[in-house]
Amino acid sequence: MTAPSEDQILVTAVLAGDSDSFNQLVERYQNRAYGLCFRMLGDSDAAADVAQDAFISAYRHLPSLRGEFRPWLMRIVANACRDVLRSNKRHPSVSLDTNPRDEDEAPALQIADSNPNPEEHLMRAEMHRTISVALLQIPQDQRTVVILSDIEGMSYDEIAVVTGANIGTVKSRLNRARARLREIFTEVELFPTVRRLIANQEP
Amino acid sequence: MSTISQSDMTLLQALADNELPAAQANALRNRMTSEPALADAFSELAMMRTVMESMPAVRPPRSMRLDRQTMQQARGWRWWLISPPGGQFMPAMGLVACLCMVLLFGTGYGQENSADVIHLKGSVEAPLLADAAGTAEQSAPASQEVTVIAPQSEPSLLPLWGVTAGVVGTLGSARWWMRLRKIQRRVS
């Protein structure tokens, strides 16, 4: 029998009546949950609300948890984002274009960059902004998969659990998402910037 | 890029994602040395990954912790099942309830009142039974006790439901309790 993970211990503690343990789980995963929401929705406030609702939903349904906590939670988060996107499609109220006023406040631009070179800092900021906008231009199912794979670093198996799709579908969506992103990146000439940044990093 | 087949593209993607078995990965790397198009596509994919991985982690603008009130409100019926008030006594209480149901309904106690035989005294005035007792009325004096056999009624499902609910309640609560104990044993 494998040793229980820290998540399992915390889940058990919550189910046994220790509510504080759930907040430990929240602290472990709030960045990931919010990150997925933010990149899916492109709006900081909406992302925070959706992530919060997802945690409440996770707490409500915790007794029905089977398997690992992380993919289960991320599935709830992804479904919550999908519901919001569908609702926005029916009643469009949030623009998918990045609001220039929000750009200064958006957490995506708070770059953890130790390099003091201001030019490089600007280049990185511009690159991240371009990627964020490009992500919002691809279909929702492909966006989910590429965020989970390339930004959250999840395996195909985990992504399959989160999205409720089989591995073949995950691979196919990832393939299409990357192809579309490659087109956009080529269009906006992002690759030369990336090459320059990589070259700057090399000693 | 256009010369690369879809299956090769999928393989390259799996290689870039470290999802390809070692043998297949080695075979693909060998192919890349002789097929420049494959190597170019792979380097482009690797760059795509680098670009995406370079995205900074985002932090929520506020803490997502739940307060006690929110937790109380969020508790659904499953929560009530898994941690009911006095949960440790649930299997015992369910068993007692089941036994009570069996004793009350399974043994026939309390069915006398709903028997099909009705004893009436001077009941010839009862309009509903007038037809049924028509014959008796003619042959017996009004002051005498009249026995009317009521038409056969459908058997009540209440005892069955009672026993079923008792059994399901007992088994359900015992299951949750055993599951919790199992998890607790595993953790400790």
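A.B. asks: Is there a simple way to think about the overall build of chain A in this case?
C.D. replies: Along chain A, the regular secondary structure elements total 10 helices and 0 strands. In chain A, the order of α-helices and β-strands from amino to carboxyl end is α-α-α-α-α-α-α-α-α-α. Out of the 203 residues belonging to chain A, those deemed buried represent 49%. Long-range contacts, defined as pairs at least 24 residues apart, comprise 61% of the intrachain contacts of chain A with a sequence gap of at least 6. When the accessible surface of chain A is summed, it comes to about 9,700 Å², and 47% of that surface belongs to carbon and sulfur atoms.

A.B. asks: How should helix 8 (residues 156-163) of chain A be read in this particular structure?
C.D. replies: Residue and element names in this part refer to chain A. Those residues of helix 8 lying buried are Y156, I159, A160 and V162. Along helix 8, the residues classed as buried sweep out an arc of 165° about the axis, all on the same side. Looking one or two places after helix 8, you find G164, whose phi comes out positive at around 75°.

A.B. asks: Explain the environment of A37(B) to me, please; I cannot follow it from the model alone.
C.D. replies: Residue and element names in this part refer to chain B. Tracing the sequence through the fold places A37 in helix 3 (residues 36-53). Considering only alpha carbons, one finds A37 and I4, 33 residues apart in sequence, at a separation of 7.3 Å. With residues near it in sequence (within four places) discarded, A37 still touches T3 and I4.

A.B. asks: Can you walk me through the side chain of S19(A) in this structure?
C.D. replies: Looking at the element boundaries, S19(A) is found in the loop between helix 1 (6-15) and helix 2 (20-41). A relative accessible area of 11% places S19(A) in the buried class. In this view, S19(A) contacts Y59(A), R68(B), M71(B) and R75(B); residues no more than four positions away in its chain are not counted.

A.B. asks: Help me understand the pattern of salt bridges in this model?
C.D. replies: Any two side chains of opposite charge can pair, given that their charged atoms come close. Residues and elements named next belong to chain A. Using the criterion set out here, one finds 19 salt bridges over all chains in the structure. The partner of D7 in a salt bridge is R28, with the nearest N and O atoms 3.0 Å apart. Of the two residues, D7 sits in helix 1 while R28 sits in helix 2, which places them 21 residues apart along the sequence. Look at D7 and you get buried, because its relative accessible area is 7%.

A.B. asks: Looking at this structure, I do not really get the packing of helix 8 of chain A against helix 9 (residues 167-187) of chain A. What am I missing?
C.D. replies: Angle between the axes and distance between the axes are the two parameters that describe a pair of packed helices. Residue and element names in this part refer to chain A. For the pair helix 8 and helix 9, interaxial distance at closest approach is 9 Å and the crossing angle is 100°. Accordingly, the angle class assigned to the pair helix 8 and helix 9 is roughly perpendicular. In this structure, helix 8 uses Y156, D157, I159, A160 and T163 to contact helix 9, whose residues at the interface are I167, V170, K171, R173 and L174. Within the contact of helix 8 with helix 9, the residues separate by chemical class into 6 nonpolar, 1 polar and 3 charged.

The rules behind these values
Per chain, the residues get numbers from 1 upward, laid out in the order the sequence is written. A letter from A marks each chain and a number from 1 marks each ligand, given out in the order of writing. Note on the predicted model: pLDDT of at least 70 is required for a residue's local features to be given, and 80 or more for side-chain atom pairs to be given and counted; whole-chain, interface and lining totals, by contrast, use all residues. Hydrogens and water molecules were not included; the side-chain quantities draw on all heavy atoms of the structure. A run of H or I in DSSP becomes a helix once it reaches four residues, and a run of E becomes a strand once it reaches two; helices and strands are each numbered from the N terminus. Partly exposed residues are those whose accessible area sits between 20% and 50% of the maximum for their type, while under 20% is buried and over 50% is exposed, using a 1.4 Å probe and protein chains only. By the convention used here, residues are in contact when the closest approach between their heavy atoms is within 4.5 Å. Note on areas: these come from Shrake-Rupley sampling with a 1.4 Å probe, and a residue is covered only by the protein chains present in the view. For this quantity, the arc is that covered by the directions from the helix axis to the C-beta atoms. Any Lys or Arg side-chain nitrogen located within 4 Å of an Asp or Glu carboxyl oxygen qualifies as a salt bridge. Note on method: axes are straight lines fitted to C-alpha atoms, helices fitted across the in-contact stretch only, with angles between N-to-C directions ranging 0 to 180 degrees. Under this scheme an angle from 65 to 115 degrees is roughly perpendicular, one under 35 degrees roughly parallel, and one over 145 degrees roughly antiparallel; angles in between are oblique. Side-chain classes are defined by residue name, with Ala, Val, Leu, Ile, Met, Phe, Trp, Tyr, Cys and Pro counting as nonpolar, Asp, Glu, Lys and Arg as charged, and the others, Gly among them, as polar.

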